[in-house]
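Structural characterization, general
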Amino acid sequence: MSRQTFVDRERELEFLEKGYRSDKAELLIVYGRRRIGKTELLLQFARDKPHVYFLATEKPYHENLRELQKLLSEFLGDELFSRISFHDIDELLMAFVERVRDERVVLVIDEFPLLIERYRPVLSLLQRAWDLKLSKGRIMLILCGSSVSAMETEVLGYKSPLYGRRTGQWRLTEIPFFHIGEFLPGYPIEDLVKVWGVVGGIPAYLLKFEPRKDFNENVVDNVLSKGAFLYEEAEILLREELREPANYFAILEAIAGGRSRFGEIVNATGLDKSLVSKYLSVLQRLGIVRREVSVTATAKEASKRGLYSIDDNYFSFWFRYVLPNRSYLEAGLAKDVWKRSQKDFNTYMGSAFERLVGSPEVFIELTGFHFTKLGRWWHKGEEIDLLALNEREKKALFVEVKWKDLSEREARGILRDLERKGELVGLEDWKKYCGLIARKVDGKERLNAEGWQVWDLADFKVPS
Ligand SMILES: Nc1ncnc2c1ncn2[C@@H]1O[C@H](COP(=O)(O)OP(=O)(O)OP(=O)(O)O)[C@@H](O)[C@H]1O
């Protein structure tokens, strides 16, 4: 498959097509992290439909307005339209809808938060246009943006003038793991898992990795080398989205370095508790950090005992390997840094692999176990990597996850210990199963025949 091919996004396209088929006026909000593929998705969707795609820029509001007017008049094939003087976006859009009459037109306004930044009243003007005219016609208006905070507060929030007008919204997330092989044809599954550990499912980053280079070469050339796109990307994105990046940097570096409890993060950063708590909630909202609680925790326990980790693999990798090694990397020592990071990277991959197989889609695809709850379990110094509960059928699957090649003996040892830990969870009258997911397990068939549930990378079905 060619590298330029559009990958997956089936659910997203279906969501957009459904809106299109409604044949009524639609106001859809599409947003998500930078480089996640918003523009590409919207262009794919709109390409075989009458559409206007407008990308807002940093220029002043009125220049943006003129640009939009130019595109709309080109669509109408009406030069006169481009010469009318419109004061504001509401007048322009209402006049456009008047002209297209009953035609079903898709109008995409990309980077919408830039317009808001330039001219806040744009929100109420759009509301006015929507209420007076647009909502009564057949336009499909899609507002798109990469600033998650701006889209969630200014556009979707209940204080927004547009609140209640939208007919649907979609936060675009990463390309699912089982599709990333399509970006790197020929890559073995083990390397795909590592690629996922380094850049996650972000299309723009996956495209930087070249299939003709091996994994290590790609990491050195595309992430660790001064001047490479991914060498500074994390910093650029955080500066763009956050007002006080220095404190966020300190927090992310602490978490990337393995501090997962609130107190540990406070100690490592030296920041005030209330500040750390505020910053952590912003980072959670942005999808950069996640807070986990033990899967069987009560609401009271959950509010106290959370563990923090970086949820965005690229940030996780960058804060662990780029930032702390900056002086070496600046001096052109990327290869050396990577060579001496190998052992640590294996540990890093241990947590990445746990996150991968603990994501609901991958877990269900691999194990076929239907659960109502899935997550890590811990209590008094004992820990189980994954516990899947089916509360309706009272079935539990305990799973240990290892980024290792295990002998049959090692695997059996891990499973027996897991069986012991499983008894500590206290699911007395439940049916319990013990499982193991590892990079490779010798004697897998024999273990499965004994009643254990064992999977390794050979069980991952990745199309490429
Ligand atoms: N589903 C996909 N399959 C293949 N390539 C993709 C896919 N989605 C995006 N890309 C590619 O990834 C890159 C980034 O995508 P795109 O520009 O659409 O992201 P974006 O979310 O609009 O980014 P930004 O917010 O930074 O402008 C582009 O080169 C695009 O062609």
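If you're wondering where the values come from, they're calculated on a predicted model, not measured in any experiment.

What about the overall build of the protein chain?
- When its secondary structure is counted, the protein chain shows 22 helices and twelve strands.
- Radius of gyration (C-alpha) of the protein chain: 25 Å, near the 23 Å computed for a compact globule of 464 residues.
- A principal-axis box enclosing the C-alpha atoms of the protein chain has dimensions of 80 × 55 × 50 Å.
- Expressed as a percentage of its 464 residues, the buried residues of the protein chain come to 37%.
- At a minimum sequence separation of 6, the contacts of the protein chain that also span at least 24 residues come to 67%.

Focus: the sheet that holds strand β5 (residues 168–171)
- Overall, parallel pairing links the five strands, which are arranged β2-β3-β4-β1-β5 in an open sheet. Each of the sheet's edge strands pairs with one partner strand only, and the pair in question is β2 (51–55) and β5. Between one strand axis and the next, the sheet turns by 15° as a mean value, whatever way the strands run.
- As judged from the four bridges shared by strand β1 (residues 26–31) and β5, these two strands associate in the parallel manner. In the sheet register, tyrosine 31 faces β5, and the bridge partner there is arginine 171.

Things to note about the sheet that holds strand β11 (residues 431–441)
- Strand order in the open sheet formed by five strands is β8-β9-β10-β11-β12, with mixed pairing between adjacent strands. Strands with a single pairing partner mark the edges of an open sheet, and in this sheet they are β8 (373–379) and β12 (453–456). For this sheet the average axis-to-axis angle between neighbouring strands, irrespective of direction, equals 30°.
- In the sheet, strand β10 (residues 395–406) pairs with β11 via ten bridges, with the strands oriented parallel. What sits directly across from alanine 396, in β11, is lysine 432.
- Where helix α19 (residues 342–357) meets the sheet, it contacts β9 (382–390), β10 and β11, and its direction lies at approximately 150° from that of β10.

Some words on α19
- In this model α19 runs 22 Å from its N-terminal to its C-terminal C-alpha over 16 residues, within 8% of the 22 Å that 1.5 Å per residue would give.
- Buried within α19 are the following residues: Tyr348, Met349, Ala352, Phe353, Glu354, Arg355, Leu356 and Val357.
- Of the surrounding elements, those touching the buried residues of α19 are α8 (189–199), α16 (313–322), α20 (360–367), β9, β10 and β11.

Some details on the nonpolar core
- In this structure, Val108, Ile142, Cys144, Ile251, Ile255, Leu387 and Leu436 are the most contacted members of the largest nonpolar core, which totals 125 residues.
- If we ignore the near neighbours within four places in the chain, the residues touching isoleucine 255 are Ser260, Ile265, Val289, Tyr308, Ser309 and Ile310.

So, the site of the ligand
- Taken together, 15 residues form the shell around the ligand, and within it Gly37, Thr39, Glu40, Ser146 and Pro203 come nearest.
- Put simply, the parts of the chain that give the shell around the ligand at least two residues each are α2 (38–46) and α9 (203–206).
- Each of two domains, domain 1 (10–171) and domain 2 (178–354), supplies a minimum of three residues to the shell around the ligand.

Some thoughts on helix α4 (residues 89–100)
- Compared with the 16 Å implied by 1.5 Å per residue over twelve residues, the 16 Å span of α4 between its first and last C-alpha is a close match.
- Burial in α4 covers these residues: Ile89, Asp90, Leu92, Leu93, Phe96 and Val97. Down the axis of α4, the buried side of the element spans an arc of 165°, and every buried residue falls inside it.
- Looking one or two residues beyond α4, the residue adopting positive phi is arginine 101, at roughly 50°.

Remarks on the UniProt feature "domain: DUF234" (unreviewed entry) in the protein chain
- When the UniProt feature table is mapped onto this chain numbering, "domain: DUF234" (unreviewed entry) sits at residues 318–414.
- Along residues 318–414 the backbone is 49% helical and 29% strand, and the end-to-end C-alpha distance reaches 32 Å.

Overview of the UniProt feature "domain: HTH iclR-type" (unreviewed entry) in the protein chain
- The residues that UniProt annotates with the feature "domain: HTH iclR-type" (unreviewed entry) are residues 249–292.
- Helix makes up 66% of residues 249–292 and strand 9%, with an end-to-end C-alpha separation of 21 Å.

Comments concerning the environment of serine 359
- By the element assignment, serine 359 lies in the loop between α19 and α20.
- Using a count of 15 C-beta atoms within 10 Å as the deciding quantity, one classes serine 359 as partly exposed.

A look at the pairing of strand β7 (residues 307–310)
- Residues Tyr308 and Ile310 line the buried face of β7, whereas the alternating positions Leu307 and Ser309 sit on a face that is not buried.
- Of the strand pairs in this sheet, strand β6 (residues 289–292) and β7 are connected by four bridges, and their pairing is antiparallel. Following the sheet pairing, glutamate 292 is matched in β7 by leucine 307.

Topic: unusual backbone geometry
- Even without being a glycine, arginine 9 presents a positive backbone phi close to 65°.
- The topology assignment puts arginine 9 in the segment before α1 (10–22).
- A tally of 20 C-beta atoms within 10 Å means that arginine 9 is categorised as buried.
- Its identity is not glycine, yet aspartate 23 carries a phi of approximately 70°, on the positive side.
- Relative to the elements of secondary structure, aspartate 23 occurs in the loop between α1 and β1.
- Judged by local crowding, aspartate 23 falls into the exposed class, with 10 C-beta atoms found within 10 Å.

What about the confidence of the model for the protein chain?
- When pLDDT is averaged across the protein chain, the result is 94; 98% of the residues are at 70 or more.
- Per the prediction output, this complex has pTM 0.94; the corresponding ipTM is 0.99.

Looking at the domain arrangement of the protein chain
- Here the domain parsing of the protein chain yields domain 1 (10–171), domain 2 (178–354) and domain 3 (358–459).
- Computed over C-alpha atoms only, the centres of domain 1 and domain 2 are separated by 33 Å.
- Residue-level contacts link eight residues of domain 1 with nine residues of domain 2.
- Within the side of domain 1 that touches domain 2, the residues separate by chemical class into two nonpolar, three polar and three charged.

Reading guide: rules and limits
- Residues numbered from 1 in each chain as written.
- Predicted model: local features only at pLDDT ≥ 70, side-chain atom pairs only at ≥ 80, totals over all residues.
- Helix = DSSP H or I, 4+ residues; strand = E, 2+ residues; numbered from the N terminus.
- Rg over C-alpha atoms; globule rule 2.2 N^0.38 Å.
- Buried ≥ 20, exposed ≤ 12 C-beta atoms within 10 Å, placed from the backbone.
- Contact = placed C-beta atoms within 7 Å.
- Pairing = 2+ DSSP bridges.
- Axes fitted to C-alpha atoms, helices over the stretch in contact; angles between N-to-C directions.
- Expected span 1.5 Å × (residues − 1).
- Core = buried A, V, L, I, M, F, W, Y, C linked by C-beta atoms within 7 Å.
- Near = placed C-beta within 6 Å.
- Domains from an automatic or database assignment.
- Arc of directions from axis to C-beta.
- UniProt positions renumbered as here; feature names shortened; annotations may be inferred.
- pLDDT = per-residue confidence, 0-100.
- Nonpolar A, V, L, I, M, F, W, Y, C, P; charged D, E, K, R; others polar.

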